[in-house]
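# Chain and residue survey
Below are the chains, spelled out letter by letter.
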Amino acid sequence: MTTMTETSARFREFKMPDVGEGLTEAEILKWFVQPGDTVTDGQVVCEVETAKAAVELPIPFDGVVHELRFPEGTTVDVGQVIIAIDVAPGSGDAPAPAAAAPAQEPVEAPEAEAEPKGRTPVLVGYGVAESSTKRRPRKGAAAAPEAAAVAAAVQAELNGHGAPAPAPAAPAPAGAPAGGRPLAKPPVRKLAKDLGIDLATVVPTGKDGIITREDVHAAAAPAAAEAPAAVASPVAPEAPAAAVPAAVSDSARETRIPVKGVRKAIAQAMVGSAFTAPHVTEFVTVDVTRTMKLVAELKEDKDMAGVRVNPLLIIAKALLVAIKRNPEVNAAWDEANQEIVQKHYVNLGIAAATPRGLIVPNIKDAHDKTLPQLAEALGELVTTARDGKTSPAAMAGGTVTITNVGVFGVDTGTPILNPGESAILAVGAIKLQPWVHKGKVKPRQVTTLALSFDHRLVDGELGSRVLADVAAILEQPKRLITWA
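A brief report on the enclosed structure follows. (Residues numbered from 1 in each chain as written. Predicted model: local features only at pLDDT ≥ 70, side-chain atom pairs only at ≥ 80, totals over all residues. Heavy atoms only, no water.)

## Some remarks on the overall build of the protein chain
Counting its secondary structure elements, the protein chain contains 11 helices and 20 strands. Looking at the protein chain as a whole, 39% of its 484 residues are labelled buried. Within the protein chain, contacts between residues separated by at least 24 positions form 64% of all contacts whose residues are at least 6 apart in sequence. Summed over all atoms, the accessible surface of the protein chain reaches about 25,300 Å², with 57% contributed by carbon and sulfur. (Helix = DSSP H or I, 4+ residues; strand = E, 2+ residues; numbered from the N terminus. Buried < 20%, exposed > 50% of the residue type's maximum accessible area, 1.4 Å probe, protein only. Contact = heavy atoms within 4.5 Å. Areas by Shrake-Rupley, 256 points an atom, 1.4 Å probe, with all protein chains shown as cover.)

## What to know about the side chain of Thr-354
Residue placement: Thr-354 occurs in strand β14 (residues 352–354). Exposure remark for Thr-354: the relative accessible area of 15% places this residue in the buried category. Sequence-distant contacts of Thr-354, that is, excluding residues within four places in its chain, are made with Ile-359 and Ala-385.

## Remarks on the packing of helix α8 (residues 311–325) against helix α9 (residues 371–386)
Two elements in contact, α8 and α9, have axes whose closest approach is 10 Å; the angle formed by their N-to-C orientations is 120°. Between α8 and α9, the angle is such that the two are oblique. Here the hand of the crossing between α8 and α9 comes out right-handed. The residues of α9 that touch α8, namely those facing Leu-312, Leu-313, Ala-316, Lys-317 and Leu-320, are Leu-371, Leu-374, Ala-375 and Leu-378. (Axes fitted to C-alpha atoms, helices over the stretch in contact; angles between N-to-C directions. Parallel < 35°, antiparallel > 145°, perpendicular 65-115°, else oblique. Left-handed = near helix turned anticlockwise from the far one by under 90°.)

## What about the nonpolar core?
Membership of the largest hydrophobic core comes to 48 residues, with the highest contact counts inside it found for Leu-319, Leu-348, Ile-402, Leu-425 and Leu-449. Put simply, the parts of the chain that give this core at least two residues each are α7 (289–299), α8, β13 (348–350), α9, β17 (400–404), β18 (423–427), β20 (440–454) and α10 (460–475). Take this core: its biggest share by element is 11 residues, from α8. Ignoring anything within four residues of it in the chain, the contact list for Ile-402 reads Leu-312, Ile-315, Ala-316, Leu-319, Leu-348, Gly-349, Ile-350, Ala-351, Leu-425 and Val-427. Core analysis: the next-biggest nonpolar cluster, separate from the first, contains 22 residues, Val-45, Leu-68, Phe-70 and Val-76 among them. (Core = buried A, V, L, I, M, F, W, Y, C linked by side-chain atoms within 4.5 Å.)

Right under this line is the structure:
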């Protein structure tokens, strides 16, 4: 996608690029520059969070920042201009930006002012009105006391506080319009529409009487909480006054978090996978005492110096060997073409918990890597994920995945397939347990493995063979040599 357009010989615009595979939007997390700052080709100007990861965006030309089109925290569609650059500073007076950071988004005016006459085009932005005072004459003005009392009563009712007695001559929030549409930015209007909130019932707390996202969420929370009660008891009598404090307390104990970014992607992917691919999960408990001894020996091996050696490394290698012995499991279901796509490579995904949520980066061509190379790749993958620097490309194209729930002390689980993949192996906690070994009950290192697979393309026999092979290797690690 082209991310630049020339607005003139002097000004250039940079659009929100598609930093992943078909992503449609990204949230601006942080601006690293402000209007007036000098930037150079390749300099990072902002950090955005997509549905997959946080990504830093570099500017592709030199110049001086003229305008930031969106403040931090705004979700922007791919293809929208996010920053304007003066590539020829000093060649004359530059027109003022359409809006100044950090509130660059224009605020919609009331209906009567939606089509002001005499708009003059400018180099950057949508254009300015003939007189800015016509567009925003509300600075410091107050609405009628009656309107303020009604708005406060409606908001209080929505919040479950009952209808308080209106204070005499209570002014409306600063800058609130006396009539027409309430003031709100386009993203806030869209949020209100999605939540089913009438902006006319929301009391604004923003500057100049502008309704903010927080105002909409504040109105939506009690409305959503009261809706089930209203449906369950449509003719119930009014609640006694004594119940009012309890309602206030309940709303104060809840926090509503917008679903966006990585969390939104996780939700969509898991729902899509769970209700698209018929999941089957099989379990096996295995003695991994010899594997743990091998891990201890490898930590002392000079060929493994400088890399992290842990049980996950051996488990990953065991899964790769099992896939080599059962290549049919490494496949994908192509619904559009009604085909099973056999993969002759393994991009091994590793589920990682990060501050932004669960992500699944993968090791490209893991089947071709030696044990030291695999250990190095695992270490880099985990470090990058914890630092929040995993790129969308690193999470694309996975074929099978490992999720290590054992690090949380969990015995096992029923993992959901990463979309587009055929199998996922869950590894439980490795614990010292009584185990029959050579005819005697002895304390041994034991773990439980769980393999979920897509039953459309992996039959029970094939899935069982893969899981049994992984277990056999972990029980007798020398099979890494004899079976490889």
